[in-house]
Amino acid sequence: MNRAIKFKLKNGKVVTIRRIRGTDYDAMMKFFDKFVRDPGVKYTSQYLGQPKKNKESCIKMYDNPNNLFLGAWDGDNLIGESTITKLAPDNPKYRGLTGETGSIILNKYTSQGLGGKLKTIIEKWARENGVHKLYAEVYHKNIRSLSNLLKHGYTIVGIKHDAAIIDKEWMHEYILEKILEK
Ligand SMILES: CC(C)(COP(=O)(O)OP(=O)(O)OC[C@H]1O[C@@H](n2cnc3c(N)ncnc32)[C@H](O)[C@@H]1OP(=O)(O)O)[C@@H](O)C(=O)NCCC(=O)NCCS
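Reference entry: report on the structure contained in this document. (Residues numbered from 1 in each chain as written. Predicted model: local features only at pLDDT ≥ 70, side-chain atom pairs only at ≥ 80, totals over all residues.)

Let's talk about the overall build of the protein
Helix and strand counts for the protein stand at 4 helices and 8 strands. For the protein, the C-alpha radius of gyration of 16 Å lies close to 16 Å, the compact-globule estimate for 182 residues. Its C-alpha atoms give the protein principal-axis dimensions of roughly 40 × 40 × 35 Å. Taking all 182 residues of the protein together, 26% fall into the buried category. (Helix = DSSP H or I, 4+ residues; strand = E, 2+ residues; numbered from the N terminus. Rg over C-alpha atoms; globule rule 2.2 N^0.38 Å. Buried ≥ 20, exposed ≤ 12 C-beta atoms within 10 Å, placed from the backbone.)

Structural data, given as structure tokens:
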């Protein structure tokens with residue numbers, strides 16, 4: 001994913017999708033700052049008051065060729081991101097064959113096809129970069145994210161019981177995977 005592409009949301013608005021680089025660190029921090037105040041934050045691991053992510057390690061992570069951080073922009077504002085990180089690429093047993101994925105989009109821009117589009121680009125990158133299996137974890141109450149992943153061919157392969165507490169309620173965490181056939 002080297003060039004920016006335009007994507008039309010179901011409501012007609014056009015957003016730009018491109019790789020997030022180290023130089024986008026400030027835009028990413030601004031995005032997280034908005035997201036922790038957004039209703040969509042509820043069933044994610046992000047939270048209001050979370051510590052600011054370390055600049056140096058973020059830059060390394062964004063610019064690492066074993067990862068793809070994809071951003072969706074409305075003008076100059078980052079409004080969504082989707083990531084894939086190869087797990088243990090230097091370990092000769094794991095070899096980065098599993099790619100952990102996740103997406104967050106500001107509420108105003110959800111259910112407009114953007115999550116699906118980002119997943120398609122992430123999957124293309126994964127296939128082209130030797131990833132064998134996509135991996136995601138989702139709280140059991142996150143129906144929108146679960147339907148989005150199931151629609152894109154992920155399967156629920158496991159469950160972590162009592163993984164977190166949200167509004168005094170235990171959250172189970174589903175483990176979802178998608179094997180990428182050759
Ligand atoms: C989860 C998320 C990335 C999905 O992206 P999205 O842009 O909203 O999803 P899309 O519009 O591409 O929808 C794709 C499919 O997801 C499902 N979906 C979308 N919105 C839904 C909703 N409100 N309720 C149930 N299913 C829904 C549908 O199956 C939809 O298929 P359709 O296009 O045929 O209707 C996005 O909603 C989001 O960022 N939510 C907040 C943060 C979050 O929960 N992230 C995941 C943490 S693990």
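So that's the structure; there's more coming.
Details of the nonpolar core
Among the nonpolar cores identified, the biggest contains 29 residues, and L70, A72, I79, I122, A136, V138 and L176 are the most heavily contacted of them. In contact with V138, not counting residues within four places along its chain, are S145, L146, L149, E173, Y174 and L176. (Core = buried A, V, L, I, M, F, W, Y, C linked by C-beta atoms within 7 Å. Contact = placed C-beta atoms within 7 Å.)

Observations regarding the environment of I166
Structurally, I166 can be placed in strand 7 (residues 155-166). Distance in space between the C-alpha atoms of I166 and Y43 is 7.8 Å, their sequence separation being 123 residues.

A short note on the site of the ligand
Inspection of the region around the ligand gives 22 residues, with G40, T110, G115, G116 and N148 positioned closest. Elements that contribute at least two residues to the shell around the ligand include exactly strand 5 (98-105), helix 3 (114-128) and helix 4 (143-151). At 6 residues, helix 4 tops the list of elements feeding residues into the shell around the ligand. Its residues assigned to classes, the shell around the ligand comprises 6 nonpolar, 14 polar and 2 charged. (Near = placed C-beta within 6 Å. Nonpolar A, V, L, I, M, F, W, Y, C, P; charged D, E, K, R; others polar.)

Looking at unusual backbone geometry
Even without being glycine, S111 reaches a positive phi, approximately 55°. Judged by local crowding, S111 falls into the partly exposed class, with 13 C-beta atoms found within 10 Å.

Details of the environment of L149
Here L149 is to be found in helix 4. Contacts of L149, omitting those with residues within four sequence positions, involve A136, V138, Y154 and L176.

A few points about the pairing of strand 7
Across the 12 residues that make up strand 7, only a small minority, 0, are buried. Adjacent in sequence and paired antiparallel, strand 7 and strand 8 (residues 169-179) are bridged by 2 residues, among which D167 carries a positive phi angle near 50°. (Pairing = 2+ DSSP bridges.)

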